[in-house]
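The chain contents come next:
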Amino acid sequence: ALKSPKDIVGYLNESFASGQGDLFSFGRAADFKHSETQIAYAFQGGLSLPTKEYYTKTDAESVKLRNEFTAHVAKMLELTGVPAASAQKQARDVLAFETRLAKASLAPVDLRKPENQYHFVSVADADKVTPHFEWNAFFKSQGIAVDKGFSLSQPKFFAEFDKMLTGVPAAQWRDYLSAHTIASAAPYLSKPFQDESFAFNGKTLG
């Protein structure tokens, strides 16, 4: 039912409030500069594969793994009743979506630097980074109040996320969010879902 950026933002707010959440990580931790204080942190995320390099490396092994990931997503979609041809197209869209997120993400070695984990901003300044994603509305949907500000830890990632809200077709957002919803639910669904999830995540990827 998601047809517009507003629909997608509303869904993301509800998804985080219900305990799932996609696209980025959100939680609380000690303020890096005032350790006696707990603050909110928004952190890059949204990838199915472990790090950005899985999406960007061009060696044969990396290409093979991406092909296996695409096949896995298609199989999971088919298990929900999506026709095979449509499932394969949607799986390719999911990979393209995540590749764009990956290119805007920092690698693990870069995330070790404190300045890449902590970027304290006011809510107003955060809204300037993501003009199509209103942070106070997000906080309200989570049942929290943020006064002085929070850590928008990787601003370049969130700027790209905001561009994708208006620059990526709603159908591709639906494909991505559907794939992640199915993946999250797989351990609680019937045996075919559990087996396919383990075949990729536990065997191929593991």
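Residues numbered from 1 in each chain as written. Predicted model: local features only at pLDDT ≥ 70, side-chain atom pairs only at ≥ 80, totals over all residues. Heavy atoms only, no water.

S.K.: Can you lay out the overall build of the protein chain for me, pointing to particular residues and giving the numbers?
M.R.: Secondary structure summary: the protein chain contains ten helices and four strands in total. Along its sequence from the N terminus, the protein chain presents helices and strands in the succession α-β-β-α-α-α-α-β-α-α-β-α-α-α. Taking 206 residues into account, the globule formula puts the C-alpha radius of gyration at 17 Å, and the protein chain, at 18 Å, falls close to it. Here the C-alpha coordinates of the protein chain stretch approximately 50 × 35 × 30 Å along the principal axes. Expressed as a percentage of its 206 residues, the buried residues of the protein chain come to 43%. For the protein chain, contacts bridging at least 24 residues in sequence account for 69% of all contacts bridging at least 6. Put simply, the protein chain shows about 10,900 Å² of open surface, and 54% of that area lies on carbon and sulfur atoms. The average position of the 23 basic charges and that of the 23 acidic charges among the side chains of the protein chain differ by 3 Å. (Helix = DSSP H or I, 4+ residues; strand = E, 2+ residues; numbered from the N terminus. Rg over C-alpha atoms; globule rule 2.2 N^0.38 Å. Buried < 20%, exposed > 50% of the residue type's maximum accessible area, 1.4 Å probe, protein only. Contact = heavy atoms within 4.5 Å. Areas by Shrake-Rupley, 256 points an atom, 1.4 Å probe, with all protein chains shown as cover. Lys, Arg positive; Asp, Glu negative; His and termini not counted. Charge placed at Lys NZ, Arg CZ, Asp CG, Glu CD.)

S.K.: Just give me the short version of the packing of helix H1 (residues 5-17) against helix H8 (residues 155-167), but keep the residues and values in it.
M.R.: Two elements in contact, H1 and H8, have axes separated by 8 Å at closest approach and are oriented at 130°. On the basis of the axis angle, H1 is oblique to H8. Together, Pro5, Ile8, Val9 and Leu12 of H1 and Phe161, Leu165 and Thr166 of H8 make up the contact between the two elements. The residue makeup of the contact of H1 with H8, split by class, is six nonpolar, one polar and no charged. (Axes fitted to C-alpha atoms, helices over the stretch in contact; angles between N-to-C directions. Parallel < 35°, antiparallel > 145°, perpendicular 65-115°, else oblique. Nonpolar A, V, L, I, M, F, W, Y, C, P; charged D, E, K, R; others polar.)

S.K.: Describe the pattern of salt bridges, and please don't skip the residues or the numbers.
M.R.: A full pass over the atoms with the stated rule returns five salt bridges. Note that Arg100 is salt-bridged to Glu160, the shortest N-O span being 2.4 Å. Of this pair, Arg100 sits in helix H4 (residues 84-103) while Glu160 sits in helix H8, and the two are 60 residues apart along the sequence. Here Arg100 falls in the partly exposed class, since its relative accessible area comes to 29%. (Salt bridge = Lys/Arg side-chain N within 4 Å of Asp/Glu carboxyl O.)

S.K.: Can you lay out the sheet that holds strand S2 (residues 34-44) for me, pointing to particular residues and giving the numbers?
M.R.: For sheets, the rule is that strands pair by backbone hydrogen bonds, running either parallel or antiparallel. Strand order in this open sheet of four strands is S1-S2-S4-S3, and the pairing throughout is mixed. The outermost strands of the open sheet, each flanked by one partner alone, are strand S1 (24-31) and strand S3 (120-121). Strand direction decides the pairing type here: S2 and strand S4 (residues 150-152), joined by two bridges, are parallel. Directly across from Tyr41, in S4, lies its bridge partner Ser151. (Pairing = 2+ DSSP bridges.)

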